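A closer look at the structure
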Amino acid sequence: MTTIDRQANPLSDLDEWEDFLQRRYPEPKAGDVVEGRAFRDYRAEARPSVKEFYRLNHRYQTLDFTRAKRREYLGLERRTMGIWEAMEYLNTLVDDSDPDTDLTQIEHLLQTAESIRADGGPRWMILTGLIHDLGKILCLWGEPQWAVVGDTFPLGCEWSETIVFPEFFADNPDSNVAEYQTANGISTEGAGLDQVMLSWGHDEYLYHVVRDYLPEEALYMIRYHSFYPAHREGAYRNLMNDKDMRLFKTAVNAFNPYDLYSKTPVKPDVAALRPFYEELIAEYFPAKLRW
Ligand code: FE
Ligand code: FE
């Protein structure tokens, strides 16, 4: 068991970030008219550990950093693993979560998939729910929490005020580069998100692992599920093209509630569900993938 560097990793576990998101974007109750925006005063509610996590994230996620991480990881030369094997590998993540009350990573994945399945979602979307967080294995390769999770945002252009704790960007070296501080920055109006560098994390990494095997809607769900400034706040429309607009509406927004609101205290029966999911995995993926 390795000890966790608390200074680089202020969260007691990755779920602390997701619990914070859930409080910032509470599940609308029947009858609520909600545009998906955050109304709650998240500043007052954020734990010091969560605030510190965002401080590090906003300070160190620079354009150069995300470029370097893409070069480091996107050759997919670390391991070859099957999907279920990757789920079990992710489950070896050691943090301070309480095994009696907190969900394991596999349990979160299964709850997301099962809630899509319960709503009669298509098979590829159930599978997307199952795998969407596998990119968090970056933590097992020594990446700090702020480089794996956290709401993502574009680099090389101005930071939207809708990003959580925008004031922390004052310490980001990119704030001194004039070219990066315009609405389109190094990109052009309507260029499309594929041309935009988002902050590095588990979304972008997993997208590259699975991009040859899943339909486009699934790939959007995976690649942009942490892009809260765009999918919940409506920011960065200037960088999107028509395809992005369409797929945020039909795919990314459709997926988000399953990710954010599917957590229940009832733990899924992993062994009982495994055969169904092994079959589903085999329908789309080879036995081994490059990671
Ligand atoms: Fe995620
Ligand atoms: Fe998730």
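Here the structure is shown first, and the text comes after it.
My aim in this report is to walk through the structure given alongside it, one point at a time. (Residues numbered from 1 in each chain as written. Chains lettered and ligands numbered in written order. Predicted model: local features only at pLDDT ≥ 70, side-chain atom pairs only at ≥ 80, totals over all residues.)

1. Some thoughts on the overall build of the protein
The following threshold applies: Helix numbering and strand numbering both begin at the N terminus, where a helix is a DSSP run of H or I of at least 4 residues and a strand a DSSP run of E of at least 2. In this setup the radius of gyration rests on C-alpha atoms only. A globule is expected at 2.2 Å times the number of residues raised to 0.38.
Assigned secondary structure in the protein consists of twelve helices and two strands. Starting at the N terminus, the α and β elements of the protein follow one another as α-α-α-α-β-α-α-α-α-α-α-α-α-β. Relative to a compact globule of 291 residues, whose C-alpha radius of gyration would be 19 Å, the protein shows 18 Å and is just as compact. Along the first, second and third principal axes, the C-alpha atoms of the protein reach 55 × 50 × 45 Å.

2. Describing helix 1 (residues 15-24)
Because each turn of an α-helix spans 3.6 residues, side chains separated by three or four positions in sequence point in the same direction. We apply this condition: To sort residues by exposure, count the other C-beta atoms lying within 10 Å of each residue's C-beta; 20 or more gives buried, 12 or fewer gives exposed, and values between give partly exposed, all with C-beta atoms placed from the backbone. Arc, as used here, means the arc of the directions from the helix axis to the C-beta atoms. It is the C-beta atoms, placed from the backbone, that decide contacts: two residues are in contact if theirs lie within 7 Å.
Burial in helix 1 covers these residues: Glu16, Trp17, Phe20 and Leu21. An end-on view of helix 1 places all buried positions within 145° of arc, on one side of the element. Contacts from the buried residues of helix 1 go to helix 3 (48-60) and helix 11 (242-261).

3. As for unusual backbone geometry
Even without being glycine, Leu76 reaches a positive phi, approximately 50°. Among the structural elements, Leu76 can be located in the loop between helix 4 (63-73) and strand 1 (80-81). A residue is classified by how many C-beta atoms lie within 10 Å of it, and Leu76, with 13 of them, is partly exposed. The backbone phi angle of Tyr236 is positive, close to 65°, even though this residue is not glycine. C-beta crowding within 10 Å serves as the criterion here: with 25 such atoms nearby, Tyr236 is assigned to the buried category.

4. Examining helix 3
Let me state the cut-off plainly: Take the residue count of a helix, subtract one, and multiply by 1.5 Å to get its expected span.
In this model helix 3 runs 18 Å from its N-terminal to its C-terminal C-alpha over 13 residues, within 8% of the 18 Å that 1.5 Å per residue would give. All of the buried residues in helix 3 are Val50, Phe53, Tyr54, Leu56, Asn57 and His58. Residues of helix 3 that are buried sit in contact with helix 1.

5. Things to note about the packing of helix 8 (residues 202-210) against helix 9 (residues 216-224)
Selection rule: Axis angles are defined between N-to-C directions and span 0 to 180 degrees, where every axis is a line fitted to C-alpha atoms and, for a helix, only to the segment in contact. Any angle between 65 and 115 degrees counts as roughly perpendicular, while under 35 counts as roughly parallel, over 145 as roughly antiparallel, and the rest as oblique. Here the nonpolar group is Ala, Val, Leu, Ile, Met, Phe, Trp, Tyr, Cys and Pro; Asp, Glu, Lys and Arg are the charged ones; every other residue, Gly included, is treated as polar.
Relative orientation of the contacting elements helix 8 and helix 9 amounts to 150°, with a least axis distance of 7 Å. Classed by the angle they form, the pair helix 8 and helix 9 counts as roughly antiparallel. Residues Asp203, Glu204, Leu206, Tyr207 and Val210 of helix 8 touch helix 9, and the partners they reach there are Leu219, Ile222, Arg223 and Tyr224. Along the lines of polarity and charge, the residues of the contact of helix 8 with helix 9 split into six nonpolar, no polar and three charged.

6. Some points on the environment of Ser12
Structurally, the position occupied by Ser12 is in the segment before helix 1. Since 16 C-beta atoms lie within 10 Å of it, Ser12 is described here as partly exposed. Separated by 43 residues in sequence, Ser12 and Arg55 place their C-alpha atoms 16 Å apart.

7. Remarks on the packing of helix 7 (residues 123-131) against helix 9
Angle between the axes and distance between the axes are the two parameters that describe a pair of packed helices. Put simply, the rule reads: Put simply, a crossing is left-handed when the front helix is turned counterclockwise from the back one by less than a right angle, and right-handed when it is turned clockwise.
Contact geometry for helix 7 and helix 9: axes closest at 10 Å, N-to-C directions at 20°. What the angle tells us is that helix 7 and helix 9 run roughly parallel. Between helix 7 and helix 9 the crossing geometry is right-handed. On helix 9, the residues that touch Trp124, Met125 and Thr128 of helix 7 are Ala218, Met221 and Ile222. Broken down by class, the residue content of the contact of helix 7 with helix 9 amounts to five nonpolar, one polar and no charged.

8. Considering the environment of Trp17
With respect to the helices and strands, Trp17 occurs in helix 1. Exposure remark for Trp17: the 22 C-beta atoms within 10 Å place this residue in the buried category. Each C-alpha atom of the pair Trp17 and Phe169 lies 18 Å from the other, and the pair is 152 residues apart in sequence. Setting aside its immediate chain neighbours within four residues, Trp17 contacts Leu11, Val50, Phe53, Val149 and Gly150.

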